[in-house]
Amino acid sequence: MISQTFNLVQYFSNFLFFLAFLPILNFKNVQSGDLILKIKNFDNQSGLIHIAIYNEQEKFPKKEGKFLGFKEKTSKIIKNNYEINNLKEGIYAVAIFHDENSNDKFDSFFGIPNEKYGFSNNPSIFLSAPKFEQSSFDLRQNEKKIIEIELK
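Residues numbered from 1 in each chain as written. Predicted model: local features only at pLDDT ≥ 70, side-chain atom pairs only at ≥ 80, totals over all residues. Heavy atoms only, no water.

### A word on the sheet that holds strand E4 (residues 82-88)
So, step 1. One open sheet accounts for three strands, arranged E4-E1-E10; its pairing is mixed. For this open sheet the edge positions go to E4 and strand E10 (144-150), each flanked by a neighbour on one side alone. Strand after strand, the sheet turns through a mean of 25 degrees between neighbouring axes, direction not considered.
So, step 2. Bridging between strand E1 (residues 32-40) and E4 involves five bridges; their strand directions are antiparallel. When the sheet's bridge partners are listed, Ile-36 is paired in E4 with Glu-83. (Pairing = 2+ DSSP bridges. Helix = DSSP H or I, 4+ residues; strand = E, 2+ residues; numbered from the N terminus. Axes fitted to C-alpha atoms, helices over the stretch in contact; angles between N-to-C directions.)

### Side note on the environment of Ile-49
So, step 1. If you trace the backbone, Ile-49 turns up in strand E2 (residues 48-54).
So, step 2. Among the residues examined, Ile-49 registers a relative accessible area of 0% and is labelled buried.
So, step 3. Separated by 24 residues in sequence, Ile-49 and Lys-73 place their C-alpha atoms 6.3 Å apart. (Buried < 20%, exposed > 50% of the residue type's maximum accessible area, 1.4 Å probe, protein only.)

### A look at the pattern of salt bridges
So, step 1. Under the criterion given, the structure shown has 10 salt bridges.
So, step 2. As a salt-bridge pair, Arg-140 and Glu-89 come within 3.9 Å of each other at their nearest N and O atoms. With Arg-140 in the loop between strand E9 (137-139) and E10 and Glu-89 in the loop between E4 and strand E5 (90-99), the pair connects residues that are 51 residues apart, well separated along the chain.
So, step 3. Across the pair Asp-138 and Arg-140 runs a salt bridge whose closest N-O atoms are separated by 3.3 Å.
So, step 4. Among the residues examined, Asp-138 registers a relative accessible area of 34% and is labelled partly exposed.
So, step 5. The partly exposed category is assigned to Arg-140, whose relative accessible area is 43%.
So, step 6. One network of salt bridges, with partners in common, ties together Asp-34, Glu-83 and Lys-144. (Salt bridge = Lys/Arg side-chain N within 4 Å of Asp/Glu carboxyl O.)

Below you can see the structure in the form of structure tokens.
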């Protein structure tokens, strides 16, 4: 009888401990969202897609300034899109390019791009990359945001 009472007390104690820490365990998920990138206008399925996520205006779209960077096979992105989970709530901008020859460089000739590229919000581009404000968007907690990017 004493052993059963002790087991019940121990069980109840563990349950209360779990309940006390439940808000802390959920805190990360409450403050994050998911981003789904749908990239369109591919010429072919070769190479890689390079994705850069920025969260600071002054660093956009510099290679060294990205908050997060990814690369994925083009064929996989065409089939499944690209999803980034548990991204902290905030303001972001996305820059991508289609690295058709998989050399990990954005190829250009005298400043004229040889490979397709794109930005979130699909801003008009004339002679230079868009400003952060033109490509930025808000990602809120528990949001699943879909961003469509047209390659140019």
